[in-house]
Amino acid sequence: QVQLVESGGGLVQSGGSLRLSCTFSGRIFDIYHMGWHRQAPGKQRELVGSIDLSGITNYADSVKGRFTISRDNAKNTVDLQMNSLKPEDTAVYYCNVVQYGGRQSWGQGTQVTVSS
């Protein structure tokens, strides 16, 4: 089992920036994929960005060019730098990791609110 703890959410004005951080612990040796998802009220959870062991990243079209995902293997963290935030980015953001064998773990979520 992997434990995930997110931090860095908050309230920001449109055009502003926030950096989310996710620290993972426990059975981490077989994690091969990490990502950030978000869920807005009344909407399904969606992938925002992901990164694999090779460092290959993937982003939702809606955040390309504005968000950057990165990981620090020494610190066991995966971060999401969010720039040029828009009101439509308002959501609860969740950190996610996938282990070999397909097992997934989720963080508790952190609220991001962007005011217009």
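Everything below is about the structure printed above this text.
The structure displayed is predicted, hence computed values, not measured ones. (Residues numbered from 1 in each chain as written. Predicted model: local features only at pLDDT ≥ 70, side-chain atom pairs only at ≥ 80, totals over all residues. Heavy atoms only, no water.)

1. Quick word on the sheet that holds strand β7 (residues 67–72)
Selection criterion: Strands qualify as paired when DSSP identifies two bridges or more between them. Only DSSP runs of H or I covering at least 4 residues are called helices, and only runs of E covering at least 2 are called strands; the numbering of each starts at the N terminus. Convention adopted: a line fitted to C-alpha atoms gives each axis, helices being fitted over their contacting stretch, and angles between N-to-C directions are expressed from 0 to 180 degrees.
Taken in spatial order, the four strands make up an open sheet running β1-β3-β8-β7, and their pairing is antiparallel. Each of the sheet's edge strands pairs with one partner strand only, and the pair in question is β1 (2–7) and β7. Shown here is a sheet whose adjacent strand axes are inclined to one another by a mean of 15°, direction ignored.

2. A closer look at the state of the cysteines
Any covalent bond linking the sulfur atoms of two cysteines counts as a disulfide. The following threshold applies: Note that a disulfide, as used here, is simply two cysteine sulfur atoms within 2.5 Å. For the exposure calls, accessible area comes from a 1.4 Å probe over protein chains only, and a residue counts as buried if that area is under 20% of its type's maximum, exposed if over 50%, partly exposed in between.
Within this structure, the stated rule accounts for one disulfide. Each sulfur of the disulfide joining Cys22 and Cys95 lies 2.2 Å from the other. Across the disulfide from Cys22 to Cys95, rotation about the S-S bond amounts to roughly -85°, and the bridge is consequently left-handed. Remark: Cys95 occurs in strand β9 (residues 91–99) and Cys22 occurs in strand β3 (residues 18–26); sequence separation between them is 73 residues. We note that Cys22, like Cys95, is buried.

Remember that the coordinates give geometry; whether it matters functionally is a separate question.
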